[in-house]
Every structure is written in C-alpha cells, then in structure tokens.
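# Coordinate inspection notes
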Amino acid sequence: MTTRIPHLRWWIAALLFFSTVINYIDRQTLSVLAPVLTKELGITDVEYSNILTAFLAAYTVMYVGSGFLVDRWGARIALTVFIIWWSLANMSHAFAMGVWSLGALRFLLGMGESGNFMAAFRVVSEWYPAKERALVHGLIQGGAAIGAIITPPVITWINARFGWQPAFVITGSLGLVWVALWWLLYHAPDKHPRITEAERAIVLAEPTQSAEAGDVSWRQLARYPQMWGLMASRFLSDPVWWFYLFWLPKYLVEQRGFTMIEMGMLAWIPYLAADLGALFGGWMSGRFIAGGKPVLSSRLSVMMPCALIMPVSLAIHHAPSRTMTIALICVVTFAHMAWKTNQNTLTNDLFPKHLIGATSGLLAFGTGLGGTLFTWMTGHVVHWFGYGAIFIIMGLLHPVSYLITRKFVRQPVMA
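Description of the structure in this document. Because the structure is predicted, anything quoted here is derived from the model rather than measured. (Residues numbered from 1 in each chain as written. Predicted model: local features only at pLDDT ≥ 70, side-chain atom pairs only at ≥ 80, totals over all residues. Heavy atoms only, no water.)

## Things to note about the overall build of the protein chain
What the protein chain contains, in helices and strands, is 19 helices and 0 strands. Computed over the C-alpha atoms, the radius of gyration of the protein chain is 21 Å, within 12% of the 22 Å expected from 2.2 N^0.38 for a compact globule of 415 residues. For the C-alpha atoms alone, the extent of the protein chain along its principal axes is close to 60 × 50 × 35 Å. When the 415 residues of the protein chain are sorted by exposure, 54% land in the buried category. Summarising the internal contacts of the protein chain: among those between residues at least 6 apart in sequence, 83% fall at separations of at least 24. (Helix = DSSP H or I, 4+ residues; strand = E, 2+ residues; numbered from the N terminus. Rg over C-alpha atoms; globule rule 2.2 N^0.38 Å. Buried < 20%, exposed > 50% of the residue type's maximum accessible area, 1.4 Å probe, protein only. Contact = heavy atoms within 4.5 Å.)

Dropping the structure here:
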C-alpha cells in the first residue's frame, strides 16, 4: 500500500525553493571565481562581458522556448530536463580552456536556467489555491535571494581548499541530487499516488485559468501603452541587478583591493540588503494601500524615492574606504530591489488576469534583452573608460525609468 504524505504540496514548495537556490548558485559560481579564472585563462574584461552575454542571450530566448516545453511535457519532465541540462553544463565549466569554450558552456547553462521559473509557475498554478500562490511565489523568489547570499562564501571556500575546477563540479552536482528527489516526489495532483484525499480536494477545488492566456496575441498586447511603458522601464532598470550579480566579485578584487577570501566573506552582504529591500518595498506599498491610497499611486510612492536614491551609485567608485564601498553598494541594492518589487507588481495591478501570462512572458523577454545588451556593453565601457563610467550610467537609469513609468503607466488596462 502506498504511503500518503500529509501536506504534500508544501514539500513540493520546498523543492521549488531549493531548485531556485541551486539555480542561483550555479549561475553565480563563475561570477565569484571570475577574478581567479579570468586571470588564469587570460580573459579580458571585454571577453568576460561576451561570456556573460552568451548566458543572458540564451536565458532570454529560452523564456519563450521553455514555456512551450513546460506546456508540452508537463512540469515533472520539463523541470527534470532543465535541471539535468544546466547542472551538466555547469559541471562542464571545469574543463573550460579559454574564451570560446567558456562562452559556449555559459550559453548552454543559460538555455536551461530560465526553465526553472517557467516550470515553477506551472507547478504553482496546478498545486495551490489562489490564497496560497503568493506565498509560494515568495518562497521561490526567496530561493533566489538565498542562493545569491550563500554563493560568495561557499565558492570562495571551495576554491581556496580545492581550486576553481572542483567548485563547478561540486555546485553542478547539487542539481542532480535534487532531480532524484523531484522525480520521486512530484506528479500532477490529480494523478499523485501519495497525496491524501483531503489535500487533493483542496488542490483541485479551483480550476486553473491558463487556457485563456493562450488566446492572447502579442499584437493585442502591443496596443496598450502600459505594456510599452513597463517594458521600457524594466529594460532600463533591470540591468543594474545583473551587474551586481555578475560583476561585483570581480570589481571588489580587481578595483577595491579585496583578497578572494575577503571578497567571499563580504560580497554576500549587498545581496542580503537586496533581499531586505524587496521585503521593505512590498510592505511599504501595502501600507499605503491599506491606508486608502490608490494602488498605482502607492507603488509609485515607493518607486520615486528609490529612483532618487540610486544616483548614490556615482559615489561608489570613489569611496574612500572598502567599508564605505560595501555600505554604498548595499544602499543601491536595497533601493533597487524595493523598486523592483513594486515595478514587477505593476503587471498584476495593470492587466486583467487573462492577460497576465502573455504579458509576463513578453516583459521577461524584453527586459532580458536589456540585461543582455547592458552586460555586453559593460565590458567595453570598463575597458575604455573604467568602472567609474558604469557606476555613473547605473546611477541615472532608475530616474529615467521612473519618468517613463509616470508617462505611460497611468491607469489599469480595460480588457
């Protein structure tokens, strides 16, 4: 007789949390090792930016492709394939010998990694009633934050103890362990052999609405100025996070005099500040709404001061001490994530439910393109003008993004 598992959906939520932790560990391993690896392999700043661009290009395109595969294969098979794919790609980084091999492996990693989130969205729609979905989405995003926080000290320790090649092998193997647990535990709720009848009734009580989104065309979405306003706004502001995710360890070691050990001990702090900013931004706009302020005004009331704080970025490169450098970076990452939490929530505020899926996919593709272009540009700007120019550019992106948001995002879409 098959043993039933009480509260099975929360065990599945835990697996989604850990898949996202592993996702961020694998994508950030190269960033933490960049000061060592680029020096050993003779990779320039421009070449490093090209390697990162290869990852982001594949990652962006596969937002569309992975969603199609999830619909075709189902979440169980799709997420298994995605994680095996990116885990093997990450492990293979240990055999990189130069720019081209590292870039190709990075491209393969990007092809698999965006699928984690597309499959997770499908699982949430299948397994959780509406009142629980926001909590599970929060757990998934929390996994990204935890992955970003723990990667610098863990990877630095592995590198100091065993070298950079084993760091890729060890982190890549985590995904293969996860897949074994996923394959044993996950099935669709209507066919799961271990779900209790009481929980099955809870899970299947609400029909999903994903079929309606399939009737929405990109041409239809293009009619809405809110779509273009959000896309332009995110196109400009999202690349700031990619810079701190991919370039921060390299900057601290090469420009601010940190040793690898010091970097590993301290580089997690800006990511923790970002996590706190995300929580604060959501809480603050919620307080405004609870106080009777209109929803869009509440979001913008949080976004405006965040945009005004971001020019602090201009002072980072000229900070008089390493402590001040970390402190200023923490201010910027906190403000960016408080901004981003409200910016992302605008999608749900502005568009009716039957447009959310198509809108989210289109926005993810467009803003991913912004991250790709900015990351490619970063290497060239650093090479010719230095990091100071990059920090100046990043300090101006959010104010411009805010003005665009105010111009185009004025009222919800009526459809």
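Okay, back to it.
## What about the pattern of salt bridges?
This structure, assessed with the given rule, holds 7 salt bridges. Glu 113 is the salt-bridge partner of Arg 27, the closest N and O atoms lying 3.0 Å from each other. Of this pair, Arg 27 sits in helix H1 (residues 8–41) while Glu 113 sits in helix H4 (residues 99–113), and the two are 86 residues apart along the sequence. Judged by relative accessible area, Arg 27 falls into the buried class, the value being 0%. Put simply, Arg 200 and Glu 197 hold a salt bridge, and the shortest N to O gap is 3.6 Å. Residue Arg 200 and its partner Glu 197 are both found in helix H8 (residues 197–203); the two are separated by 3 residues, about one turn of the helix. (Salt bridge = Lys/Arg side-chain N within 4 Å of Asp/Glu carboxyl O.)

## Considerations on the environment of Met 324
As for its position among the elements, Met 324 is in helix H17 (residues 322–350). The sequence separation of Met 324 and Ala 104 amounts to 220 residues, and the corresponding C-alpha distance is 37 Å.

## Here we look at the nonpolar core
In this structure, Val 123, Trp 127, Trp 182, Phe 243, Tyr 244 and Leu 252 are the most contacted members of the largest nonpolar core, which totals 119 residues. With 12 residues, H1 is the single largest residue contributor to this core. In this view, Trp 182 contacts Ile 12, Leu 15, Leu 16, Ala 75, Arg 76, Leu 79, Thr 80 and Val 123; residues no more than four positions away in its chain are not counted. (Core = buried A, V, L, I, M, F, W, Y, C linked by side-chain atoms within 4.5 Å.)

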